[in-house]
Amino acid sequence: MAPFHQEHEPLGGKLVTKTTVVCAILALIAAFLLAKRMVLGLGSVTNLNNGFPWGIWIAYDVVIGTAFACGGYAMALVCYILNKGEYHPLVRPALLASCFGYTLGGVSILFDLGRWWNAWHILVPQYMQPNSVMFEVALCVMSYILVLWIEFSPAIVSKVPALRPHKRKLEKTLFVFVALGCLLPTMHQSSLGTLLVVLGYQIHPLWQTPLLPVLFLSSAICMGFSIVVFEAVLGSAGFKRSIKHEMPQLAKIARIVQGFMVAYLVLRFGDLIVRGELGAVFNSGLRSLMFLIEIVLFATPIVLFSKQSNRDSRKGLFIGAVAMLLGGALYRLDAFLVAYDTGPGWHYFPSVSELMVTFGIIAAEVLLYIVFVRKLPVFYTHKLTAEDLAAAHEK
Amino acid sequence: MAVNRRDFLKGAAGGGAALATAAVATAPAQARENKPMPPNAVGLLYDSTLCIGCKACVAGCKEANDLPPDFNTAEQLWDTPIDIGPKTFNVIKLYASGTAEHKDQEENGFAFVKKSCMHCVDPSCVSVCPVSAMTKDPQTGIVGYDPDICIGCRYCVLSCPFGVPQAEYDTPTPKIKKCEMCRHRQAEGKIPACAEVCPTGATVFGPIAAIDAEIARRRAMVPGETATFERRTLGSGDVHEKAAPKYLEHVYGEKEVGGTQFRFMSSVEFEKLGMPALRDKSYPSDSEGIQHTLYSGMIAPAVVFAGLVWAAKRASHVEDEHPEE
Ligand code: SF4
Ligand code: SF4
Ligand code: SF4
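None of these values were measured; they are calculated from a predicted model.

### Quick notes on the overall build of chain A
Logical step 1: Counting its secondary structure elements, chain A contains 13 helices and 2 strands.
Logical step 2: Taken against the 2.2 N^0.38 rule, which gives 21 Å for 395 residues, the C-alpha radius of gyration of chain A at 21 Å falls within 12% of a compact globule.
Logical step 3: Expressed as lengths along the three principal axes of its C-alpha atoms, the size of chain A is roughly 65 × 50 × 40 Å.
Logical step 4: Of all 395 residues assigned to chain A, the portion counted as buried reaches 60%.
Logical step 5: A separation threshold of at least 6 residues defines the contact pool for chain A, and within that pool the share at least 24 residues apart is 81%.
Logical step 6: Working note: accessible area of chain A is about 15,300 Å², and carbon and sulfur atoms make up 73% of it.
Logical step 7: Of note, chain A has its 30 positive side-chain charges centred 7 Å away from the centre of its 21 negative side-chain charges.

Printed below as a string of structure tokens:
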């Protein structure tokens, strides 16, 4: 047997650990709560109301969750579209995380839909409503989930003897899916921002702007890059894997994130100035505070990654990536929930059950990720020298 | 801090160029105009100065639409809706200030206002619905809802600038609830129940052209002089007399978010009555403008896709030349 990418190997190891058990329990609790929602309705589990018809399930599970799952997209952009083969070892782990992030995001939308049994209407030509940004997002996300699994499928195919003969054919056509895998997220990650444009005055001026699609897309790409850095560093600790060979690429990714964030902040403030809303930065109470926290988080990778030594250290990379991820997540949470005001008298804060479902979905993602990387050829395994091993253990 | 300035600027310039291109692409986004009034549009005219707050319309609406009582007091003795909701398509609200002695006066006065769907000319709820469950009749302009198509995403609830569509949360089979201008009654040749039962003609039904003419007639009235007002339908001939009030020049719904088919006349400022101050441009004109700019005919995505396929193919060739086998 001469598999195509021999360097990809399963990590092996135990499946039942403290982490996986905790994750499984959280996922089960979420499954129970979702069953309750199915029988008794959304109100039995969530604090949703007609002033806040979208809550944390949409804001986190879908909007933030899919942005966290942009690693596969970001890596495909640099590795295949910019043709930088050096990033290749980082692609497959990123793809896998994207598969889970998107699939579970897609599943959680179904639970949020009041009339979920009609969901297939999205695909019926006579019902399709292309003026609706949600229609575009729904179609793109559905297709992208498929595309992601196809992109990841070589890892599965090589493990299933019956499928192995088709591997070559699959790899020959894969480039079409890689291209789709770059187009679809570009469309829906920007459109997740456009979703809010139609809400007009109901979204606070610190967030409401025709640039929403640009701001959402650029921050999603950076969150994609950051999750790759985050997972590489965390994975190296969790799976006791050396990432020595990946450090130069991670440092370059940090550079890209930094550049994007400078541009993002220039656009964000430029837009506030053009719209004459700069004053709102300071006189909007809680919203001002949330906005400023976002800005500090976005500025962190800019400052941190300007230093070579930080880009070359696992700690520097990790802090910068986490700040970027938190900034992007907060930006989305703010835009969808904190900035939304449909009139006096409405309040929303997620219920405990609602939050438990969100935690359960995250736990399910982590659990599946661990199982997959232990059983399937996802990570690159580099031939480690004795010194490498010793160095890795010292850390 | 040892900032490597050249590298820093290079990275920033790259990201900046990408973002600037994207920003320019969305810039001509304001292209779409507000939608025009449908040819045979019908609507409602509500005159706050005629309303006596009897709430016959609230009861009439419930009966016509088979809606349950909406209890909000401990005793649960009678229907006490506080606002529109899943059980209530239409409410009369009270504005009161100071001693609340004088009707239709802003200081120390009071006034009533009706709340139900505005039947926007360019409705957000229709623009956002992914599956055409919310539709605007191309002839009458009535904004209707079909639960058999609806997926329950609640984007309509989120987007309506007036907070009208109401979702249900206490059932596994929730629907969206809102005023559909009694289209089921109109199909039988009847008029909306709220206009039918109104004893003072505060709510009247009619074609938009007639409503426009009636608004012009009332605007021209001399305050204090005896004037005539029709009940139920404009042109019904069922007329009563009353001293003309001093109307505001502003008629709510003529311009707001591209116009609505439900119009309001009042002596008390609309913001005091709890109606949002809205711009003339509809919100769907913004969002659809962006979408149409980016996706019209799917040309831009097709071009981008072609480029991506080319690049991805090139990358996969490189791999073929250096097989890792
Ligand atoms: S008021 Fe709201 S629900 Fe009624 S037509 Fe306008 S956008 Fe739709
Ligand atoms: S809840 Fe139903 S009617 Fe409202 S936007 Fe969604 S699918 Fe359309
Ligand atoms: S038109 Fe019909 S549904 Fe609408 S408020 Fe009047 S009575 Fe109620």
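Resuming the write-up.
### Describing the site of ligand 1
Logical step 1: By nearness alone, 14 residues border ligand 1, and B:Cys117, B:Met118, B:Cys120, B:Cys125 and B:Cys160 come closest of all.
Logical step 2: Class assignment for the residues of the shell around ligand 1 results in 11 nonpolar, 2 polar and 1 charged.

### Thoughts on unusual backbone geometry
Residues and elements named next belong to chain B.
Logical step 1: Here Asp66, not a glycine, exhibits a phi torsion of approximately 60 degrees, which is positive.
Logical step 2: Mapped onto the secondary structure, Asp66 falls in the loop between α2 (56-64) and β2 (91-96).
Logical step 3: Despite not being glycine, Asp104 shows a phi value in the positive range, around 60 degrees.
Logical step 4: Mapped onto the fold, Asp104 is located in the loop between β3 (102-103) and β4 (109-115).

### Notes on the side chain of B:Lys136
Residue and element names in this part refer to chain B.
Logical step 1: Turning to its location among the elements, Lys136 is positioned in strand β5 (residues 134-136).
Logical step 2: Nearest to the buried, unbridged Lys136 among oppositely charged side chains is Asp122, at 8.5 Å.
Logical step 3: Of the polar contacts made by the side chain of Lys136, one reaches the backbone oxygen of Gly141; its length is 2.6 Å.
Logical step 4: A distance of 2.7 Å separates a polar atom in the side chain of Lys136 from a polar atom in the side chain of Gln261.

### Comments concerning the pattern of salt bridges
Residue and element names in this part refer to chain B.
Logical step 1: Under the defined criterion, the tally for this structure stands at 23 salt bridges over all chains.
Logical step 2: Salt-bridge contacts for Arg185 lead to Glu196; the nearest nitrogen and oxygen are separated by 3.6 Å. Here Glu196 lies in helix α6 (residues 193-197) and Arg185 lies in helix α5 (residues 183-187), a separation of 11 residues in the sequence.
Logical step 3: A relative accessible area of 13% means that Arg185 is categorised as buried.
Logical step 4: With relative accessibility at 35%, the residue Glu196 sits in the partly exposed group.
Logical step 5: Across the pair Glu214 and Arg218 runs a salt bridge, and its minimum N-O distance is 2.8 Å. Pair noted here: Glu214 and Arg218 are both in helix α7 (residues 208-219), with a separation of 4 residues, about one helical turn. Considered together, Glu214 and Arg218 belong to a single accessibility category, that of buried residues.
Logical step 6: It is possible to trace a salt-bridge network through shared partners that takes in Asp47, Glu214, Arg217 and Arg218.

### Quick word on the environment of A:Ile319
Residue and element names in this part refer to chain A.
Logical step 1: Along the chain, the position of Ile319 falls in helix α11 (residues 314-338).
Logical step 2: Residue Ile319 is classed as partly exposed on the basis of its relative accessible area of 42%.
Logical step 3: For the pair Ile319 and Ser226, spaced 93 residues apart in sequence, the C-alpha separation works out to 10.0 Å.

### Considering the domain arrangement of chain A
Residues and elements named next belong to chain A.
Logical step 1: Domain boundaries assigned for chain A yield domain 1 (15-47 + 349-371) and domain 2 (48-348).
Logical step 2: Relative placement of domain 1 and domain 2: their C-alpha centres are 21 Å apart.
Logical step 3: Our count for the contact surface shared by domain 1 and domain 2 stands at 0 salt bridges.
Logical step 4: Connecting domain 1 to domain 2 are 6 residue pairs in polar contact (both at pLDDT 80 or more).

### A closer look at the interface of chain A and chain B
Logical step 1: In this assembly, 82 residues from chain A lie in contact with 77 residues from chain B.
Logical step 2: For the pair chain A and chain B, the summed buried surface comes to about 6,600 Å²; carbon and sulfur atoms form 61% of the total.
Logical step 3: Three residues stand out in chain A for area buried against chain B, namely A:Asn50, A:Arg115 and A:Val198, and they jointly supply 12% of the buried area on that side.
Logical step 4: On inspection of chain A and its partner chain B, the count reaches 1 salt bridge.
Logical step 5: Residues B:Arg154 and A:Asp112 are paired through a salt bridge, measuring 2.8 Å at the closest nitrogen-oxygen approach.
Logical step 6: Of all elements in the fold, only α1 (18-40), α3 (71-81), α4 (88-112), α5 (133-157), α6 (167-194), α7 (212-238), α8 (247-274) and α9 (286-304) of chain A reach the threshold of two or more residues within the side of chain A that touches chain B.
Logical step 7: When residues in the side of chain A that touches chain B are grouped by element, the largest group, 13 residues, is from α6(A).
Logical step 8: Taken together, the residues of the side of chain A that touches chain B break down into 49 nonpolar, 25 polar and 8 charged.

### Section: the sheet that holds β3(B)
All names here are of chain B.
Logical step 1: With mixed pairing, 3 strands are arranged side by side in an open sheet as β2-β4-β3. Each having just a single partner strand, β2 and β3 make up the two edges of the open sheet.
Logical step 2: As judged from the 6 bridges shared by β2 and β4, these two strands associate in the antiparallel manner. Opposite Val91, over in β4, you have Lys115 as the bridge partner.

### What to know about the nonpolar core
Logical step 1: Core analysis: the biggest nonpolar cluster contains 216 residues, and A:Met75, A:Ile253 and B:Tyr155 have the highest contact counts within it.
Logical step 2: If one sorts the elements of this core by residue count, α7(A) sits on top with 15 residues.
Logical step 3: In this view, A:Met75 contacts A:Tyr80, A:Tyr87, A:Leu90, A:Val91, A:Ala94, A:Phe225, A:Val228 and A:Ile253; residues no more than four positions away in its chain are not counted.
Logical step 4: Within the second largest apolar cluster, 5 residues are counted, among which are A:Met290, A:Leu297, A:Ala323 and A:Leu330.

### Description of the packing of aromatic side chains
Logical step 1: Per the stated rule, a full pass over the model turns up 27 aromatic pairs over all chains.
Logical step 2: Ring geometry for A:Trp207 against A:Phe291: centres 6.3 Å apart, planes inclined by 80 degrees, an arrangement best described as edge-to-face. Within this pair, whereas A:Trp207 is found in the loop between α6 and α7, its partner A:Phe291 is found in helix α9, the two being separated by 84 residues in sequence.
Logical step 3: Residue classification places A:Trp207 among the buried residues on the basis of a relative accessible area of 1%.
Logical step 4: Classification of A:Phe291 as buried rests on a relative accessible area of 0%.
Logical step 5: The structure contains a cluster of three or more aromatic residues connected by ring pairs, namely A:Trp54, A:Phe216, A:Tyr264, A:Phe298, A:Tyr331, A:Phe336 and B:Tyr155.

Parameters and conventions
Residues numbered from 1 in each chain as written. Chains lettered and ligands numbered in written order. Predicted model: local features only at pLDDT ≥ 70, side-chain atom pairs only at ≥ 80, totals over all residues. Heavy atoms only, no water. Helix = DSSP H or I, 4+ residues; strand = E, 2+ residues; numbered from the N terminus. Rg over C-alpha atoms; globule rule 2.2 N^0.38 Å. Buried < 20%, exposed > 50% of the residue type's maximum accessible area, 1.4 Å probe, protein only. Contact = heavy atoms within 4.5 Å. Areas by Shrake-Rupley, 256 points an atom, 1.4 Å probe, with all protein chains shown as cover. Lys, Arg positive; Asp, Glu negative; His and termini not counted. Charge placed at Lys NZ, Arg CZ, Asp CG, Glu CD. Near = heavy atom within 4 Å. Nonpolar A, V, L, I, M, F, W, Y, C, P; charged D, E, K, R; others polar. Salt bridge = Lys/Arg side-chain N within 4 Å of Asp/Glu carboxyl O. Polar contact = N/O pair within 3.5 Å; in protein donor to acceptor, adjacent residues only side chain to side chain. Domains from an automatic or database assignment. Buried area = accessible area lost by both parts, 1.4 Å probe. Pairing = 2+ DSSP bridges. Core = buried A, V, L, I, M, F, W, Y, C linked by side-chain atoms within 4.5 Å. Phe/Tyr/Trp six-rings, centres within 6.5 Å; stacked < 30°, edge-to-face > 60°.

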